[in-house]
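Remarks on the overall topology
Read off the chains here:
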Amino acid sequence: MNEVWKLTTCFGERQRHEDRLLADAVLGTFGEHRLATSLLLRAAAGFGLRHHLRTDETLTMSEDPSMMAVAVDERARLEPVVERVLGIQQRGLVTVERLHHAPDVPDSVEVQLTVHLGRDERIGGGPSYVVVCELLRRHGVAGASVLVGVDGTSRGRRERARFFARNRTVPAMVVAVGSSERVRTVVPELQRLLPEAVVTVERVRICKRDGALLAGPSGVAGPGAWQRLTVYSSEHHLVGGEPLHRAIVRRLRAGDTRGVTVLRGAWGFHGEHAPHGDRFWQLGRRVPVVTTVVDTPDRVARAFVVVDELTVAHGLVTTELVPRAVSPGYSNFGGR
Amino acid sequence: MTLAWVGLAVAGGVGAVLRLLVDGAASRWGSGLPVGTFVVNVSGAFGLGLLDGLALPAHAALVVGTGLVGAYTTFSTWMFETQRLAEERQLLPALGNLVLSVAVGIGAAVLGLWIGGGL
């Protein structure tokens, strides 16, 4: 299989390109290039270089949320898309990472497994993401979160969510973290259940799990390399009475971290605990939350100190190397 | 009467814009807590108290009271943001948002009425 790339871009929902929203322009580009898989995610909270807080906690501030678009395809197909996105995006953050196709799992390391599927794709009458999570849990994968897209492409076709529709084929992804040995045992069954799904693997380092410090952030890979710090938690994980992800955003915003995005999942699990999502009758939400930071190794190291302090009892913390990160319109951030 | 309807529509528009500005400014300062809605509702209650104290003619009271202050303040956002806090298990801030808004809001209305009556 050829080399697989992942493009991730973060921006504000109200950002525009010419006569339309930037999100629409970016996803339009993905559609024109008929990308294998891509999705647009609306974040629960976040901030960028200017430390301007975007959050769905209050009505006024939820009108311009952070957005994240993720696209995966073969290098030769994704490369021109990266250049086009850098051409239209004036602000935000664009990163490019190298992935492996699922059967090709690297040996004895920790990996992030990503399964791209349809929002309401079904396996045996149930939502496929529930079946996938159950499978991952049975095989001892450390945890998984289901992130639901509002727009995207699937097998080259643009799939956009509509208000009055089932949105069955609108893209979603299951993001799981575990040892490569565990992940390797899941892949054959996963491919049997979802023969057409794009399943990718990337190397990560598990730094913390349920409060236990396992390792420091990933090492420095040379000049120009950035790092991604990810905290997988849940809406019901609190620290000092405050949701963990809110505390992380508040503390990092007070520091020198140059951007955070918080994504709320629809379903997920961690460790031995039963998979969880929202229920019909509830007051407090029970969905998984994924908080990510992308920055230079020294800033990620400082962010890690804060995250380490806050993840006393809960959360799975991972770091990974990001070979290429560009913040358009901000030359000091780093070269291409 | 037609003039009152036009005035109502214009005042409503002005009130909505005013809310967006005041709420936005206060929210940025509150970093996540629903301070914007609190400020809008309390200042609105004070304004309505003041208007009542001034005892304006019926049409003027309609335009400024129902139109301007009505569009400026918001019950729905207050409820919505309280629910959001509860959803995130922030029960103390949620309860505080209800109790403080009622207590300070009534106080502001009384103060407005007292000042308006004295003018």
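The structure presented is a predicted model; accordingly, all values stated were derived computationally and were not measured. (Residues numbered from 1 in each chain as written. Chains lettered and ligands numbered in written order. Predicted model: local features only at pLDDT ≥ 70, side-chain atom pairs only at ≥ 80, totals over all residues.)

Some words on the overall build of chain A
Rules: Each helix corresponds to a stretch of at least 4 residues labelled H or I by DSSP, and each strand to a stretch of at least 2 residues labelled E; elements are numbered beginning at the N terminus. All radius of gyration figures rest on C-alpha atoms, and the globule criterion is 2.2 Å times the number of residues raised to 0.38. Burial is judged by counting other C-beta atoms within 10 Å of a residue's own C-beta: 20 or more means buried, 12 or fewer means exposed, and anything between counts as partly exposed, with every C-beta placed from the backbone. C-beta atoms are placed from the backbone for every residue, and two residues are taken to be in contact when these atoms lie within 7 Å.
For chain A, the helix and strand inventory stands at six helices and 26 strands. Relative to the globule expectation of 20 Å for 336 residues, the C-alpha radius of gyration of chain A, 18 Å, shows essentially globular dimensions. When its C-alpha atoms are laid out on the principal axes, chain A stretches across 50 × 45 × 45 Å. Taken over 336 residues, chain A has a buried fraction of 51%. Intrachain contacts of chain A at a sequence separation of at least 6 include 79% that bridge at least 24 residues.

As for helix H5 (residues 91-118) of chain B
Residues and elements named next belong to chain B. Applied cut-off: In this analysis, the expected span of each helix is defined as 1.5 Å times one less than the number of residues it contains.
Spanning 28 residues, H5 covers 40 Å between terminal C-alpha atoms, matching the ideal 40 Å at 1.5 Å per step. Here H5 has its buried residues at Pro93, Ala94, Asn97, Gly105, Ala108, Ala109 and Gly112. Each element contacted by the buried residues of H5 is listed here: helix H2 (35-54) and helix H4 (75-87).

Description of the interface of chain B and chain A
Selection criterion: Here the nonpolar group is Ala, Val, Leu, Ile, Met, Phe, Trp, Tyr, Cys and Pro; Asp, Glu, Lys and Arg are the charged ones; every other residue, Gly included, is treated as polar.
Each side of the interface is counted separately: chain B has 17 residues, and chain A has 17 residues. Counting residues per element, the side of chain B that touches chain A draws most heavily on H4 of chain B, at six residues. Among the residues forming the side of chain B that touches chain A, the class breakdown is four nonpolar, seven polar and six charged.

A few points about the packing of helix H5 (residues 244-254) of chain A against helix H6 (residues 297-310) of chain A
Residues and elements named next belong to chain A. Defined as follows: What counts as an axis is a line fitted to C-alpha atoms, over the stretch in contact for a helix, and the angles between N-to-C directions run from 0 to 180 degrees. Should the near helix be turned anticlockwise from the far one by less than a right angle, the crossing is left-handed, and should it be turned clockwise, the crossing is right-handed.
One can describe the packing of H5 onto H6 by two numbers: an axis separation of 10 Å at closest approach and a directional angle of 145°. For the pair H5 and H6, the sense of crossing is right-handed. Note on element contacts: H6 touches H5 through Ala303, Val306, Val307 and Leu310, opposite Leu244, Ala247, Ile248, Arg251 and Leu252. Looking at the contact of H5 with H6 residue by residue, the class counts come to eight nonpolar, no polar and one charged.

Some words on the environment of Asp151 of chain A
All names here are of chain A. Looking at the element boundaries, Asp151 is found in strand E13 (residues 151-154). A tally of 24 C-beta atoms within 10 Å means that Asp151 is categorised as buried. Along the backbone, Asp151 and Ala23 are 128 residues apart, and their C-alpha atoms lie at a distance of 9.2 Å. Apart from residues lying up to four places away in sequence, Asp151 is in contact with Leu27, Leu40, Arg160 and Ala161.

Observations concerning the confidence of the model for chain A
Definition in use: The predictor's confidence in any single residue is recorded as pLDDT, a number from 0 to 100.
Confidence along chain A averages 91 in pLDDT terms, with 96% of residues attaining 70 or more. Every residue in residues 332-336 of chain A scores below 50 in pLDDT, and together they form seven contacts with partners more than four places removed in sequence or on other chains.

Notes on the pairing of strand E16 (residues 198-209) of chain A
Residues and elements named next belong to chain A. Selection criterion: Only when DSSP finds a minimum of two bridges between them are two strands counted as paired.
Most of E16 sits out of view: nine of its 12 residues are buried. As defined by bridge partners, strand E8 (residues 93-101) adjoins E16 across two bridges and the pair is classed as antiparallel. Across the sheet, His101 pairs through a bridge with Thr200, a residue of E16. Note: strand E9 (residues 110-118) against E16, seven bridges, orientation antiparallel. Bridged to Glu110 within E16 is Val204. Relative to strand E25 (residues 316-322), E16 runs antiparallel, the two being bridged by four bridges. Residue pairing for E25: Lys208 is matched across the bridge by Val317.

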